[in-house]
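Observations on chain architecture
Residue-level listing of the chains:
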Amino acid sequence: MKLLLINPDLQTVRTRTKRYNRAWPPLDLLNSAAILRQAGHEVSLIDARATGAATDEIRQAAAMSDLVVLDSSPLDRWQCPDPNWKGITALARNLFPEKLILTGAHGTVQPELMLNESGAAALIRGEFEDSLLAMANAGADPKGIPGLSYQDSGRTIHEPDQTPINLDLLPLPAYDLIDLKSYGYELLGRNLALLETSRGCPFSCSFCLKAMYGSGIRIKSLKRVLAEVEEVVGRFGAKFVYFIDLEFSLNRENTLNLCQELIRMNLDFRWCCQTRADTVDRELLALMKEAGCTLIHFGVETGSPRLLDETKKKISLEQIRASVNYCHDLGLATACFFLFGLPGETEDDRQATVRAARELNPTFASFHVASPYPGTSLYQQADEDDPFPVCLNREHDLDQLSRQAKRSFLSFYLRPAYIMARLTEGTFREKIDRARLFWEFVR
């Protein structure tokens, strides 16, 4: 069977909140491509986020394919998909819906809506690598395949959920289908690859969408992770790797072992990760830096201890402050994320968040409106008439929250001391990339 995998570009359609859909390698599609090719299927991939491919170009490729897969949220957006579901369904209706399969978070949490509005033949709920292979092997017949939803005689059929994937049984991602020169991260560099050492998270934060991951956490074996690193760096020339795990250092022993092996391999690349501030310490961070880590992402969320407790994140501002300070002492860059529009948030709470950002003084700070995704406890307090609300619109005003986020970006990044510190870092190209990113969020 001939399959076309599509990662669409949503940058052209914006909501009133800033959603920056970076051109990062679509790791889930690369996994699926490798599985499908291993089984003898012919696979092509269009990453419109990276290439800017127009709808007509995508449609022409779709016309020559037996099965078309439209991924509404690649793996780097599983946790925080773009609320622009109408952009997905509009594109879907231009791509031969009778042979179209939807994948991603939108269809996972709102399957009937996405099927009805897109006209797609079927969608796959949750991680889709195994289910897509089963459907291709079945000649595009979705009946009886775990994880599939489809319409039959006017009824929507939801097959039972699929069994979580064994990450070690995935073939090496098909990085030959893309050009790494097309991918980069303003805070890290260009020639970027995405890899994962685990999938999932055992915590239940109120704002976090985990529907794509299933419950619990699955760890990829050290041997397999090292093989993937050697593949993307040694064969494909990646200069930077983002380990896109939800919580990279949750298993301290695994993280230590990985770092020790990366030091032994002595490959020429740098990497970053995201993790909880309470799962790192000075010793671990020092080893991570020695192994090539240059940037760590921390979710702070709010400067209000009361609101932080209510998110069920089970972490304190003191723990976050300690880990960020460790990073500063060791020379590791940090990126901290903050949310506005949490339940019960007051103006005082918002000012506390702004103060926390300035006091923590991470290398980079990001301020966003909290989106109540379906499947999260936050969604239970949102307007039920909106399938993908961009904020808790029963309680908060979106325009006010968006203005607060913009003011916070400006007040954090336009500090003279901050500007002087950043001017001494990075190449000229990196400075330009970061300036463009800043402008993206404040314009």
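Described in the following lines is the structure provided in the data block. Owing to the predicted nature of the structure, the values given are computational and were not obtained by experimental measurement.

Another point: the side chain of Glu228. By the secondary structure assignment, Glu228 is in helix α8 (residues 222-235). A polar contact of 2.8 Å, which involves the side chain of Glu228, links it to the side chain of Arg224. Setting aside residues up to four positions removed in sequence, Glu228 forms contacts with Leu172, Pro173, Leu195, Glu196 and Lys220.

Okay, the packing of aromatic side chains next. In this structure the tally under the stated criterion is 16 aromatic pairs. Here the aromatic cluster, defined as three or more aromatic residues joined through ring pairs, consists of Phe338, Phe340, Phe367, Phe409, Phe412, Tyr413 and Tyr418. The ring of Phe96 has Arg59 lying over it, and the distance from NZ or CZ to the ring centre is 4.3 Å. Across the ring face of Phe96, the terminal group of Lys99 is positioned such that the distance to the ring centre comes to 5.0 Å.

What follows covers the environment of Asn166. Residue placement: Asn166 occurs in the loop between β7 (155-158) and β8 (184-185). Asn166 sits 140 residues away from Arg306 along the chain, and the two C-alpha atoms are 39 Å apart. One polar contact links the side chain of Asn166 to the main-chain amide nitrogen of Asp168, over a distance of 3.0 Å.

As a further point, take the pattern of salt bridges. Close approach of charged atoms lets side chains of opposite charge pair. Inspection of the entire model under this criterion finds 22 salt bridges. Across the salt bridge formed by Asp176 and Arg37, the nearest N and O atoms sit 2.7 Å from each other. One end of the pair, Asp176, is in the loop between β7 and β8; the other, Arg37, is in helix α1 (residues 27-38), and 139 residues separate them in sequence. For Asp176, a relative accessible area of 37% gives the class partly exposed. Accessibility expressed as a relative area gives 33% for Arg37, which makes it partly exposed.

Turning to the pairing of strand β1 (residues 2-7), a few remarks are in order. In terms of residue burial, β1 counts as a mostly covered element, since 5 of its 6 residues are buried. The pairing of β1 with strand β2 (residues 42-47) spans 6 bridges and is parallel. For Leu5, the partnering residue across the bridge sits in β2 and is Leu45. As paired elements, β1 and strand β3 (residues 67-71) share 4 bridges and run parallel to each other. The residue bridging Leu5 from the neighbouring strand is Val69, located in β3.

Attention now moves to unusual backbone geometry. Here the phi dihedral of Asn266 falls at roughly 55 degrees; this positive angle occurs in a residue that is not glycine. A residue is classified by how much of its surface remains accessible, and Asn266, at 65% relative accessible area, is exposed. Of note in this structure, Lys314 is not a glycine but carries a positive phi near 60 degrees. Here Lys314 lies in the loop between α11 (305-310) and α12 (317-330).

What follows concerns the environment of Lys431. Tracing the backbone through its elements, the reader meets Lys431 in helix α16 (residues 428-442). Expressed as a C-alpha distance, the spacing of Lys431 and Asn21, which sit 410 residues apart in the sequence, is 20 Å. Filtering out sequence-adjacent residues up to four positions away, Lys431 remains in contact with Arg422, Leu423, Glu425 and Gly426.

This paragraph deals with helix α9 (residues 252-265). In this model, α9 (14 residues) spans 20 Å end to end at C-alpha, consistent with the 20 Å of a helix rising 1.5 Å per residue. Among all positions in α9, only Thr255, Leu256, Leu258, Cys259, Leu262 and Met265 are buried. Measuring from the side-chain oxygen of the N-cap residue of α9 to the backbone nitrogen of Glu253 gives 3.3 Å; that N-cap residue is Asn251. Residue Asn266 follows α9 closely and has a positive phi angle near 55 degrees.

Rules used in this analysis
Residues numbered from 1 in each chain as written. Predicted model: local features only at pLDDT ≥ 70, side-chain atom pairs only at ≥ 80, totals over all residues. Heavy atoms only, no water. Helix = DSSP H or I, 4+ residues; strand = E, 2+ residues; numbered from the N terminus. Polar contact = N/O pair within 3.5 Å; in protein donor to acceptor, adjacent residues only side chain to side chain. Contact = heavy atoms within 4.5 Å. Phe/Tyr/Trp six-rings, centres within 6.5 Å; stacked < 30°, edge-to-face > 60°. Lys NZ or Arg CZ within 6 Å of the ring centre and 35° of its normal. Salt bridge = Lys/Arg side-chain N within 4 Å of Asp/Glu carboxyl O. Buried < 20%, exposed > 50% of the residue type's maximum accessible area, 1.4 Å probe, protein only. Pairing = 2+ DSSP bridges. Expected span 1.5 Å × (residues − 1).

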